[in-house]
Amino acid sequence: MILRKNTPLKWLFVVLLLISVHVSGQSVLWEKDGNSYFQIEKNQIVRYSLPSNQPAVFISSSDLTPAGKSPLVVRDFSFSQDGKKALIYTNTKRVWRLDTQGDYWVLDLQTKELKQAGKGLPESSLRFAKLSPGASQIAYVSEFNLYIENLASGQITQLTKDGNRKLINGTFDWAYEEEFACRDGFQWSPDGKKISYWQIDANQIRDYYMMNFTDSVYSQVVPVEYPKVGESPSPARIGVIDLASQKTTWLNIPGDPQQHYLPRMEWNNPDLLLVQQLNRKQNHSKIYAVNVPQNEAKVISEEIEETWIDVLSNWENVYGLTYRHEFKWLNDKKEFLWFSEKDGWRHVYKIGLDGKETLLTPGNYDVINLLHLDEKNKVAYFHASPENATQKYLYKIKLDGKSQAERVTPFLFEGTNTYSISPSGQFALHQFTNSFTRPSMEWIELTKHKPLDPATSIESNLAKNQGPKTVEFFKINTADGTEMDGWMIKPNNFDPSKKYPVVFFVYTEPWGANVKDTYGVGRNRNYEGDMAADGYIYISIDNRGTPAPKGRAWRKSIYRKIGRLNISDQAEAAAQIVKWDFVDAERVAVWGHSGGGSATLNLMFKYPEIYKTGISLAAVAYQLTYDNIYQERYMGLPQENLEDFIAGSPITHAKNLQGNLLYIHGTGDDNVHYDNAEMLINELIKHGKLFQFMPYPNRSHGITEGEGTTAHLRKLYTDYLKKHCPPGGR
C-alpha cells in the first residue's frame, strides 16, 4: 500500500466500552455504566462525570511521557476490558484516506509503566492494535502480517509470514477499504484464545501505475492494486488462529471467492463466528453462523434484491478512524439487529441465531441509523426524519414490532439533530444545527430530554447562535411527478427586477446528498470570497438516487442509470429554474467534485443549451476506469450491460461540448485515476473542442496536498467562474 503522506484509585478499575462520540471535534469514549466519558484535551485524557459534567485528568501528560522523550501526541486511545490498561495510538501515517498506521504504547494505569508495542518493527508500521480480553497480550498488523506480543515479557510472535503488498493479512486492499469501509481486519475471540482475520489475495488484481514526476529527476512508478469494474474481486478468506498451537484454520464458507465478498465478521462466542457473504453483484446477501471447532457454516439469514444491498449506510461516519461494522446483539447474544429495505424502507430487523426474523421499526419512513438499544425498558432509539428528508431527529420505539415511532427531539429544534447515547440510556450528547444556527451541543437526561445544565443548554443559547436566514429550501417537480429538494442562496441586496447568474453545485450519485439543513450548507469551499456578496445565485438539488431518507424506490431508481437518470433529473430542474424571472439564462454554471465532477461533465455535454460554464474536479470521465465494488454495485456487470456504462460516461458525449469547461485532476489520485483526464482530453481534442485543463502533480483525490495547493485551486476556480460566468444583477 502507499503511505501518504494523580487519579483516585477507584477509577482505575472501571470497565470501559469503546463507543465513540464527538465533543467539540474531539473523540470521546463512554464508560460502560454510562455515568462518565473520556476525551483528549491538551494531549491528556480527561474524564467527565455526569450529570455534573465535571472534568478530572485521568491520564496526564507526564503519564504519557516515555523515559528521556517528549510526551506522546495522542491520536486515539482505548482501554482494556478490565480498565487497568490504556492503549495509546500515536506517530501516525496516512494510508489511503486515513492515518491508520502508527505506533502504539500500553500504559498500566496502576503502576504508570509505559511500554511501546512492536519494538524492533519499523517505525509507524503498526495497524489496529488491540489488547486481548484478559489484557495480557496485544495483537497488531505490521507490513501485512499479524503479530501478538506478551505484555509482561515483551516477546513478539509473528502469526502470519506470507504477507506482502499483494497478499494482505489482517487488513484490506484499496477497494475493500474504500467501498466497504473495511480497515480493521482481525478480531480476538471472546476468550482470548483465538484470533480471526481476513486474508485478501490481490495477486490476480492488476496494478494501476501512478507516476511521480516531482520528487526525483527520474520518474517514479507508484503501483496500486486496484480492481477495475469488470475485473473479478480480490479473493478473500477468513482464518482462525489457535494461539496455543499457532495453527490457522480457514473457514469453510461455500462459494467462489472470486465471485463473492466477505464484508462483515464478528464473534458471537468462543466457538461461533458470524460472517456476511455478498455476491459480486451485491444483491444477494447471506449471513453464515460458523461453528469454528467443527468448521461448519450454516446460513441463518438470506436476502435477495433486484438492485443492490447496502452493506453500510451512507449516513454513517464510515471515514471515522475507528469505524467498524458491528453486529448489535441482544437477548444474551441469541439475536442481533440488522438493516434491510425489503419492505420499501430502511428498517431494523431482529434476527435470531435460529433464523427467526422480526421487523422492529414498522412504518413508511427510513431509519437513518440505530443509536441505542435499551433491553431493560424494551426501547430502541434511532435517527429518522419521516417528514423532511433534509433534516434529522431522534425517535424511539418499543421493541414489540407493533408500535409507532415516537419523536424524542423537541419541536423547537427544527433542523439536524444528532445524538450519542450513553450505554445506560440515561444520558446523551445532543448536537443541533440548521442552515442559520451554528452547531451547538448540550448534555441531556435522555428520557425527558432535559438539559443537565440549563444555563449552557442549546435552548438558552439559541438566539446568540443564530444568524440571518440566507439559505432558502425549496422543492421542484419533474414532469413525471418526482419531487426533489433543493437549497438556494440569493445575492446580497437581491433585486427581483434584475437577472442574476446561477451556479449549480452537484454530486448526484448514490454515495452522497447535498441538500441538508445544516450550518454552512451553502458555502463553496473552492470560491475565493463571498458568492452572495459578489452577486451569484447558488443552488443545489438532490435528484433520485441520492441517499436521502426517502425510501427504497427513491434511492434504488438509479440502478444501471448513473450518468443518465441523475443527469436528466438535474437538467429538468435546471430548465425550470432558468425560466425564473430573476435568473439570467445566459449565465448558468455548474460544478462538482468526484461524482459531482462526473455530473458536471455530463450536464455540460448533454445539455449545452442550459449549462454555459462548468468546472469539474477529479471526475470519472469513463465509468470503466473506476473500481469494481462501487461501479458494479450500482451499475451491474459490464459483461452483461456494457451499454449502460457507455451511455452514462461523460467521455461518450464529449463531442457535444459547446460551453466553457475547466477540468481539474490530481495526477496522484489513487481513487479516481488520472487516466480519466487523459482519456477525456484525447476525446475533446479529437473533436476540436477548446477547454482549460489543470493537472495538480501528485495530489490525491481531495487535491489538498502540497504547499499552496488550496489557495491556488481557489484562485483558479474563482477567476475562471468570474471570467466566463460574470457575477452581479443586470
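From a predicted model like this one, the values you see are computed outputs, not experimental measurements. Along each chain, numbering runs from 1 in the same order as the chain's sequence is written. Selection of residues for local features in this predicted model requires a pLDDT of at least 70, selection of side-chain atom pairs for listing and counting requires 80 or more, and totals for whole chains, interfaces and linings are taken over all residues. Hydrogens are left out, water is left out, and the side-chain values use all remaining heavy atoms of the structure.

Brief notes about the pairing of strand 7 (residues 76–79)
Test applied: Each residue is placed in one exposure class: buried if its accessible area under a 1.4 Å probe, protein chains only, is under 20% of its type's maximum, exposed if it is over 50%, and partly exposed if it falls in between. To qualify as a helix, a DSSP run of H or I must reach at least 4 residues; to qualify as a strand, a run of E must reach at least 2; elements of each kind are numbered from the N terminus. A strand pair is defined by DSSP finding two or more bridges across the two strands.
Of the two faces of strand 7, the one holding Asp76 and Ser78 and the one holding Phe77 and Phe79 are both buried throughout. The sheet contact formed by strand 7 and strand 8 (residues 85–95) spans four bridges and is antiparallel. When the sheet's bridge partners are listed, Asp76 is paired in strand 8 with Tyr89. Between strand 7 and strand 8, which pair antiparallel and follow one another directly, the connecting turn spans five residues, one of which, Gly83, has a positive phi of 75 degrees.

Notes on empty space enclosed by the protein
Here is the rule we go by: Lining residues are defined by having an atom within 4 Å of a point belonging to a cavity or pocket. Those points lie on a 1 Å grid over the protein atoms alone, cavities being sets where a 1.4 Å probe fits but cannot get out and pockets being open sets with protein on both sides within 12 Å along at least five of seven lines. Grid points are joined across faces, edges and corners, and a volume is the space filled by probe spheres set on the points. Residues were grouped as follows: Ala, Val, Leu, Ile, Met, Phe, Trp, Tyr, Cys and Pro as nonpolar; Asp, Glu, Lys and Arg as charged; and all remaining residues, including Gly, as polar.
Its volume calculated, the largest cavity comes out at about 100 Å³. What lines the largest cavity is a set of 13 residues, and nearest its centre among them are Asp184, Gln187, Trp198, Arg324 and His325. Every element with two or more residues in the lining of the largest cavity is listed here: strand 16 (186–188) and strand 22 (260–269). Of the residues forming the lining of the largest cavity, the biggest block, three residues, is contributed by strand 22. Of the residues in the lining of the largest cavity, the class split is seven nonpolar, two polar and four charged. Volume-wise, the second largest cavity comes out at about 90 Å³. Around the second largest cavity sit 13 residues that line it, and Ser301, Glu302, Glu303, Trp338 and Ile351 are the ones nearest its centre. Of all the secondary-structure elements, those providing two or more residues to the lining of the second largest cavity are strand 24 (284–291), strand 25 (296–304), strand 27 (335–340) and strand 28 (347–352). Looking at side-chain class alone, the lining of the second largest cavity contains five nonpolar, four polar and four charged residues.

Describing the domain arrangement of the chain
Stated formally: Segmentation of the chain into domains, including their bounds, is taken from an automatic or database domain assignment.
Each assigned domain of the chain is listed with its residue range as follows: domain 1 (161–235 + 244–326), domain 2 (363–434 + 436–469) and domain 3 (471–724). A straight line from the C-alpha centre of domain 1 to that of domain 2 covers 34 Å.

Details of the pattern of salt bridges
Selection rule: Just to be clear on terms, a salt bridge is a Lys or Arg side-chain nitrogen sitting within 4 Å of an Asp or Glu carboxyl oxygen.
Applying the stated rule across the entire model yields 34 salt bridges. With its nearest N and O atoms 2.6 Å apart, the salt bridge here joins Glu341 to Lys556. One end of the pair, Glu341, is in the loop between strand 27 and strand 28; the other, Lys556, is in helix 4 (residues 552–556), and 215 residues separate them in sequence. Of the two residues examined, Glu341 and Lys556, each falls in the buried class. Taken together, the salt bridges that share partners define one network made up of Glu305, Glu341, Asp366, Arg552, Arg555 and Lys556.

Side note on the nonpolar core
Using the following cut-off: The term nonpolar core refers to a set of buried residues drawn from Ala, Val, Leu, Ile, Met, Phe, Trp, Tyr and Cys, joined through side-chain atoms within 4.5 Å. Between two residues, a contact is recorded if the distance between any of their heavy atoms is within 4.5 Å.
One finds Tyr176, Phe504, Ile539, Ile541, Phe605 and Tyr611 to be the most contacted residues of the largest nonpolar core, which totals 91 residues. Both of domain 1 (161–235 + 244–326) and domain 3 (471–724) provide at least three residues apiece to this core. In this structure Ile541 touches Phe474, Ile476, Met484, Asp485, Gly486, Phe504, Phe505, Val515, Gln570, Ala573 and Ile577, once residues within four positions along its chain are discounted. Counting residues in each nonpolar core, the second largest holds 26 residues, with Val471, Phe505, Ala589 and Leu716 among its members.

Re the packing of aromatic side chains
One pair of aromatic rings is described through two measures. These are the centre distance and the angle between the planes. Definition in use: Pairing of aromatic side chains requires ring centres within 6.5 Å, counting the rings of Phe and Tyr and the six-membered ring of Trp. Pairs whose planes differ by under 30 degrees are stacked, by over 60 edge-to-face, and all others tilted. We call a charge positioned above a ring when the Lys NZ or Arg CZ atom is no farther than 6 Å from the ring centre and deviates by at most 35 degrees from the ring normal.
Under the counting rule described, the total for this entry stands at 41 aromatic pairs. For the ring pair Phe505 and Trp591, a centre distance of 4.8 Å and an interplane angle of 20 degrees mean the geometry is stacked. You can see Phe505 sitting in strand 40 (residues 500–505) and its partner Trp591 sitting in strand 42 (residues 583–593), a full 86 residues away along the chain. Comparing Phe505 with Trp591 shows no difference in burial state: the two are buried. These aromatic residues form a ring-pair network of at least three members: Phe172, Tyr176, Phe180, Trp198 and Tyr261. One cation-aromatic arrangement involves Arg407 over Phe411; the distance from NZ or CZ to the ring centre is 4.0 Å. Positioned above the aromatic ring of Trp308, the side-chain terminus of Lys556 is 4.9 Å from the ring centre.

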